[in-house]
Amino acid sequence: MSTHLILPVAPSGEADISRPEPAKVLSGDPVHTTWNLEERDGLYCGIWQSTPGKWRISYDEWEYCHILEGVSVISEDGGNAVTVKSGDSFILRPGFKGSWEVLETTRKDYVIKT
């Protein structure tokens, strides 16, 4: 079997449990669960999940996201608020600043390039 293809892409093994830094939390007590599937050469991918809450975000990297389940609202400072839900895909670019609000527990798969 080739070592270049890794299947399945689903949560398995040890998950990292975290919370946003307290100073960034705007409401609720969001708990993040992350299953890192690959980390190498500035590329990270995996599955992330958060319980409801709202916190400040700031990106120095590129992130592609695909929402697997749940509903969240991503708001850019001084700009638009976008509701994302199951089936939606989007990119957050370096320099993005705003907030992420999880309305219903949200799970996404992601690819980050630093």
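Per-chain numbering applies: the sequence of each chain, read as written, is numbered from 1 onward. Reporting in this predicted model follows two pLDDT cut-offs: at least 70 for local features of residues, and 80 or more for side-chain atom pairs to be given and counted; totals over whole chains, interfaces and linings ignore these cut-offs and use all residues. As a rule here, side-chain values cover all heavy atoms of the structure and leave hydrogens and water aside.

Engineer: Mind showing me how you'd approach the overall build of the chain here?
Structural biologist: A run of DSSP states H or I qualifies as a helix once it reaches four residues; a run of E qualifies as a strand once it reaches two. Both are numbered from the N-terminal end. When you go through the chain residue by residue, the secondary structure sums to zero helices and nine strands. Taken from the N to the C terminus, the helices and strands of the chain come in the order β-β-β-β-β-β-β-β-β. Residue contacts are counted whenever heavy atoms from the two residues lie within 4.5 Å of one another. Expressed as a percentage of contacts within the chain between residues at least 6 apart in sequence, the contacts between residues at least 24 apart total 61%. Exposure was quantified through the Shrake-Rupley algorithm and a 1.4 Å probe, taking into account, for residues, occlusion by the shown protein chains and nothing else. Element-wise, carbon and sulfur atoms account for 52% of the exposed surface of the chain, whose accessible area totals about 7000 Å².

Engineer: I keep staring at the side chain of Thr 33 and nothing clicks. Help me out?
Structural biologist: Here Thr 33 lies in strand E3 (residues 32-40). The residues touching Thr 33, leaving out its near neighbours within four places in the chain, are Ala 15, Asp 16, Ile 17, Ile 47, Trp 48 and Gln 49.

Engineer: Help me understand the packing of aromatic side chains in this model?
Structural biologist: We describe a pair of aromatic rings using the distance from one ring centre to the other and the angle between the two ring planes. Centres within 6.5 Å are what make two rings of Phe, Tyr or Trp a pair, Trp counting through its six-membered ring; a difference in plane orientation under 30 degrees is then read as stacked, over 60 as edge-to-face, and the rest as tilted. Evaluated as defined, the whole model comprises four aromatic pairs. A centroid spacing of 5.4 Å and a plane angle of 70 degrees characterise the contact between Trp 48 and Trp 100, whose relative ring orientation is edge-to-face. Placement of Trp 48 in strand E4 (residues 43-50) and of Trp 100 in strand E9 (residues 97-113) is noted, with a sequence separation of 52 residues between them. Their ring planes at 50 degrees and their centres at 6.2 Å tell us that Phe 90 and Trp 100 sit as a pair that is tilted.

Engineer: I'm lost on the pattern of salt bridges in this one. Help?
Structural biologist: Pairs may arise between side chains of opposite charge once their charged atoms sit close together. Just to be clear on terms, a salt bridge is a Lys or Arg side-chain nitrogen sitting within 4 Å of an Asp or Glu carboxyl oxygen. Considering all chains together, one arrives at four salt bridges under this definition. Arg 19 is the partner of Asp 29 in a salt bridge, and the nearest nitrogen-oxygen pair spans 2.8 Å. Within this pair, whereas Asp 29 is found in the loop between strand E2 (25-28) and E3, its partner Arg 19 is found in the loop between strand E1 (16-18) and E2, the two being separated by 10 residues in sequence. In this structure Arg 19 comes out as partly exposed when scored by relative accessible area, which is 49%. The rule is simple: take the accessible area with a 1.4 Å probe, protein chains only, and divide by the maximum for that residue type; under 20% is buried, over 50% is exposed, in between is partly exposed.

Engineer: Is there a simple way to explain the nonpolar core in this structure?
Structural biologist: For soluble globular proteins, nonpolar side chains are generally found buried alongside one another. Only buried residues count toward a nonpolar core. Its members are Ala, Val, Leu, Ile, Met, Phe, Trp, Tyr and Cys residues joined through side-chain atoms within 4.5 Å. By size, the foremost hydrophobic cluster in this structure holds 15 residues, and its most contacted members are Ile 57, Ile 74, Phe 90, Leu 92 and Trp 100. Broken down by secondary-structure element, the contributors of at least two residues to this core are strand E5 (53-58), strand E6 (62-76), strand E8 (89-92) and E9. By residue number, the principal contributor to this core is E9, which donates four residues. Beyond its immediate stretch of four places on either side in the chain, Ile 57 contacts Ile 74, Phe 96, Lys 97, Gly 98, Ser 99 and Trp 100.

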